[in-house]
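Reading the structure
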Amino acid sequence: MASAARLVSRLALVTGGGSGIGRAVCQRFACEGASVVVADISEESANETLGSLPNDHRGQDHMAAVVDVSSKESVKKLLTSVQTCYFQPPSVCVNAAGITQDDFLLNMEEEDFDRVVQINLKGSFLLTQAVAQALVACGAPKGSIITVGSIVGKVGNIGQANYAASKAGVEGLTKTAAKELSRFGIRCNCVLPGFISTPMTEKVPDKVINKMMSLVPLGRMGQPAEVADVCAFLASDESRYITGESIQVTGGLFMG
Ligand code: NAD
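Notes on the structure follow. This structure is a prediction, so every number in the text was calculated from the model and none was measured. (Residues numbered from 1 in each chain as written. Predicted model: local features only at pLDDT ≥ 70, side-chain atom pairs only at ≥ 80, totals over all residues. Heavy atoms only, no water.)

**Quick look at the packing of helix α1 (residues 20-31) against helix α9 (residues 224-235)**
It is at 8 Å that the axes of α1 and α9 come closest, and there the two elements cross at 55 degrees. Overall, the two elements α1 and α9 adopt an arrangement that is oblique. Crossing of α1 against α9: the hand is right-handed. Between α1 and α9, the residues in contact are Gly-20, Ile-21, Ala-24, Val-25, Arg-28 and Phe-29 and Pro-224, Ala-225, Val-227, Ala-228, Asp-229, Cys-231, Ala-232 and Ala-235, respectively. Taken together, the residues of the contact of α1 with α9 break down into 11 nonpolar, one polar and two charged. (Axes fitted to C-alpha atoms, helices over the stretch in contact; angles between N-to-C directions. Helix = DSSP H or I, 4+ residues; strand = E, 2+ residues; numbered from the N terminus. Parallel < 35°, antiparallel > 145°, perpendicular 65-115°, else oblique. Left-handed = near helix turned anticlockwise from the far one by under 90°. Contact = heavy atoms within 4.5 Å. Nonpolar A, V, L, I, M, F, W, Y, C, P; charged D, E, K, R; others polar.)

**Digging into the state of the cysteines**
The tally for this structure, following the rule as stated, stands at zero disulfides. No disulfide involves Cys-26; its nearest neighbouring cysteine sulfur is the one of Cys-231, lying 10 Å away. Cys-26 gets classed as buried once you look at its relative accessible area, which sits at 0%. For the unlinked cysteine Cys-138, the closest cysteine sulfur is that of Cys-93, found at 14 Å. (Disulfide = S-S within 2.5 Å. Buried < 20%, exposed > 50% of the residue type's maximum accessible area, 1.4 Å probe, protein only.)

**Overview of the side chain of Ser-70**
Secondary-structure assignment places Ser-70 in the loop between β3 (63-66) and α3 (72-86). Judged by relative accessible area, which is 9%, Ser-70 ranks as buried. Polar contacts involving the side chain of Ser-70 include one to the side chain of Asp-68, which spans 2.7 Å. With sequence-adjacent residues up to four places away left out, Ser-70 is seen in contact with Arg-115, Gln-118, Ile-119, Lys-122, Gly-123 and Leu-126. (Polar contact = N/O pair within 3.5 Å; in protein donor to acceptor, adjacent residues only side chain to side chain.)

**Brief notes about unusual backbone geometry**
A positive phi is found at Ser-9, a non-glycine position, where the angle reads about 65 degrees. Tracing the sequence through the fold places Ser-9 in the segment before β1 (11-15). For Phe-87, which is not a glycine, the phi torsion comes out positive at approximately 60 degrees. Structurally, Phe-87 is set in the loop between α3 and β4 (92-95).

**Description of the pattern of salt bridges**
For the structure on display, the rule yields nine salt bridges. Between Arg-10 and Asp-237 there is a salt bridge, with the nearest N and O atoms lying 3.9 Å from each other. With Arg-10 in the segment before β1 and Asp-237 in the loop between α9 and β7 (246-249), the pair connects residues that are 227 residues apart, well separated along the chain. Residue class for Arg-10 comes out buried when judged on its relative accessible area of 11%. The exposure class of Asp-237 is partly exposed, given its relative accessible area of 34%. The salt bridge involving Arg-23 is made with Glu-48; its shortest N-O contact spans 3.3 Å. Taken together, the residues Arg-23 in helix α1 and Glu-48 in helix α2 (residues 43-51) connect sequence positions 25 residues apart. Put simply, Arg-6, Arg-28, Glu-32, Asp-229 and Glu-238 are held in one network by salt bridges that share partners. (Salt bridge = Lys/Arg side-chain N within 4 Å of Asp/Glu carboxyl O.)

**Remarks on the site of the ligand**
Around the ligand lies a shell of 28 residues, among which Ser-19, Ile-21, Asp-40, Tyr-163 and Thr-198 are the nearest. In this structure, a nitrogen atom belonging to the ligand sits 3.1 Å away from a main-chain N or O atom of Val-69. Within the contact set of the ligand, an oxygen atom lies 2.8 Å away from a backbone nitrogen or oxygen of Ile-196. Secondary-structure elements contributing two or more residues to the shell around the ligand are α1, α6 (161-181) and α7 (199-202). A total of three residues in the shell around the ligand trace back to one element, the largest contributor, which is α7. Class assignment of the residues belonging to the shell around the ligand gives a composition of 15 nonpolar, 10 polar and three charged. (Near = heavy atom within 4 Å.)

**Description of the pairing of strand β2 (residues 35-40)**
Across the six residues that make up β2, a large majority, six, are buried. The two faces of β2 match: Ser-35, Val-37 and Ala-39 on one face and Val-36, Val-38 and Asp-40 on the other face are all buried. Strand direction decides the pairing type here: β1 and β2, joined by five bridges, are parallel. Paired with Leu-13 across the two strands is Val-37, which belongs to β2. In this fold, the crossover linking β1 to β2 by way of α1 has right-handed handedness. Pairing of β2 with β3 involves four bridges; the strand directions are parallel. Across the sheet, Val-37 pairs through a bridge with Met-63, a residue of β3. (Pairing = 2+ DSSP bridges. Right-handed = clockwise from strand over helix to strand, strands pointing away.)

Below is the structure:
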């Protein structure tokens, strides 16, 4: 349901763009006029998203790219190829790449803790740093960096010590980045989804989903497009006085 064209002539880089929330963000941004770089560790999924993007605005030019956000080398390569292609860095970046590796704290393997933190938290750091460095270096007048956290980072969740820690971490990262980068015109914000229907939540047992739904005032899971709507707002000038903020998209699951 995109009717606005708030992102015309903006270049947007979306990690995790091959699936779920990241894919919906790519589609929404493209509808609003942005050129979109769909970045994902899965080339096939990134290309699938690319194939679904509308091209209705003048000068729009999308591309798919492979990246492992947990690797500094890979992130550096991505930024170089984007700048080679478009002769500018992305002025909008959405960190949506993320994974879960759930287990109870008493059983959790060290590697599962490390992997989740490396992708969800370190990956967001690497992208935020690389995009901000590129924007500052070319003297871009403004930028908007959006990181997909989770409500679980605020309140914890059984079986997700690694995931909750990584998502609490991205809020601290974002607030600090917002303070340091505002003088360069770069805003940094988080969206905190609750339970959204994507391949990630398909893994959650029905029993758990049903229990969570009984706690959601709006009485249903969210759709990826509903998170993308908030990302589009944060990417656009309509949110120009908002930075260092976290916006919950949870159907009212946790208030206060
Ligand atoms: P998803 O599994 O559908 O999509 C995640 C995407 O990230 C996939 O395309 C995957 O290939 C990509 N990815 C994984 N590791 C990567 C890496 N190292 N480098 C680059 N890309 C990588 O999941 P989703 O539900 O769309 O999740 C998107 C984001 O939203 C994640 O950060 C997730 O933690 C967050 N989130 C989701 C929910 C939910 O209910 N679905 C709730 C809160 C937060």
